[in-house]
Each structure stands twice: as structure tokens, then as C-alpha cells.
Amino acid sequence: MARTLFEFSLADEGATGALASQIAARLLPGDTLLLEGEIGAGKSAFARGVIRARLGRMEDVPSPTFTLVQTYEDASGDIWHCDLYRLTHPDEALELGLDEAFETAICLIEWPDRLGDAAPASALTLSFVANTHAHHVTINGPDPWSERLEGLHV
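Please read these numbers as outputs of a predicted model, since none were measured by experiment.

> Kindly report on the overall build of the chain, identifying the contributing residues and their values.
Regarding its fold elements, the chain presents 5 helices and 7 strands. The C-alpha atoms of the chain give 14 Å as radius of gyration, which agrees with the globular expectation for 154 residues (15 Å, within 12%). Structurally, the chain occupies a C-alpha span of about 40 × 35 × 30 Å along its principal axes. The contacts in the chain between residues at least 6 apart in sequence include a share of 65% that link residues at least 24 apart. Approximately 7,800 Å² of the chain is accessible, and the part contributed by carbon and sulfur atoms is 51%.

> How would you explain the environment of Leu33 if you had to name every residue and give the values?
Locating Leu33 in the fold gives a position in strand β2 (residues 32-36). Spatially, the C-alpha atoms of Leu33 and Ile23 are 10.0 Å apart, while their sequence positions differ by 10 residues. Aside from chain neighbours lying at most four places away, what touches Leu33 is Ile23, Leu27, Phe46, Cys107, Leu108, Ile109, Leu124, Leu126 and Trp145.

> Give a description of the pattern of salt bridges that names residues and reports values.
Applying the stated criterion to the full structure yields 5 salt bridges. One salt bridge connects Arg54 with Asp74, and the closest N-O pair in it is separated by 2.6 Å. Taken together, the residues span a long stretch of sequence, with Arg54 in helix α2 (residues 43-55) and Asp74 in strand β3 (residues 69-74) at a distance of 20 residues. Relative accessible area serves as the criterion here: at 17%, Arg54 is assigned to the buried category. Overall, the relative accessible area of 13% leaves Asp74 in the buried class.

About the criteria used
Residues numbered from 1 in each chain as written. Predicted model: local features only at pLDDT ≥ 70, side-chain atom pairs only at ≥ 80, totals over all residues. Heavy atoms only, no water. Helix = DSSP H or I, 4+ residues; strand = E, 2+ residues; numbered from the N terminus. Rg over C-alpha atoms; globule rule 2.2 N^0.38 Å. Contact = heavy atoms within 4.5 Å. Areas by Shrake-Rupley, 256 points an atom, 1.4 Å probe, with all protein chains shown as cover. Salt bridge = Lys/Arg side-chain N within 4 Å of Asp/Glu carboxyl O. Buried < 20%, exposed > 50% of the residue type's maximum accessible area, 1.4 Å probe, protein only.

Note that every value here comes from positions in space, so none of it alone points to a role or purpose.
Here it is, written out as C-alpha cells:
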């Protein structure tokens, strides 16, 4: 059962990157992050921060809006960055091979509502909202995430 674990106000992209880096250090193969929010809410900036932190370098991280999936090789396995905005049915997500990736890779999923019921029950959900002064993120997940994310701060 998912519950709210944390809420943060992110003053700028630097704060988003700092949070992404902290979460990236706690991720394991088979972990899925569901990134919710409107266009411009900070989903892609967060995903970019996770990927760069995992890779340990300033990697070019383009939005997968048109490619649907960008993959990156991490020392512990693959990272899948998916933008499902253009999908119209959950079966299309599974055709991308996401069901296998959910088991073996770290998956960052933008527009996770397109997955329907295919999202892993163990996924961590980050809901982003932008306003004129800052971005806000609420982190929800099942209980095992609570201990893994202990000490997060921005």
C-alpha cells in the first residue's frame, strides 16, 4: 500500500538535481520511479539528475518524447528513461519491453498513467507540480521505500 513519504519544495533546477542525486544513490536494479506532473513541472529535470548521478558524469540526456525510450548503461545495470506521453494504450508500453525492464533495470517513467495497471506495485511515485515560485514534489510509495529514503533533504 502506497503512502506519502516526503514532500519537498524545489526552488530551482539545482534543488531538483540535488534531490535526484540523493534518490539515485539509493536505487537498485528492478526499481521503478513513476514521474507524474504536467509539462514543465520538473519530471525531465529530475530524470536527467538521476541519470547523471548514476553515471557519475555530465551525460547528454535528451527527452525521450519522440524515441519513447532512452537507455543508459550503469555499473549495476541499465537505466531506462521512458516518456509515454504519445502512447494511447497500456499494451503499447509493454511492446517496448517495459515488463522485462521493470524486473532488471532502473526505470524512470514519465506519464505513467499510460501504463494503466501495468505499473509495478513496488514503484515509487513522484508527483511534480510547478507554480510561479517553485516546483513541489510529493513522494509516495510502499513501506519498504520509507527506510531506503530516510534522510532525504533539499
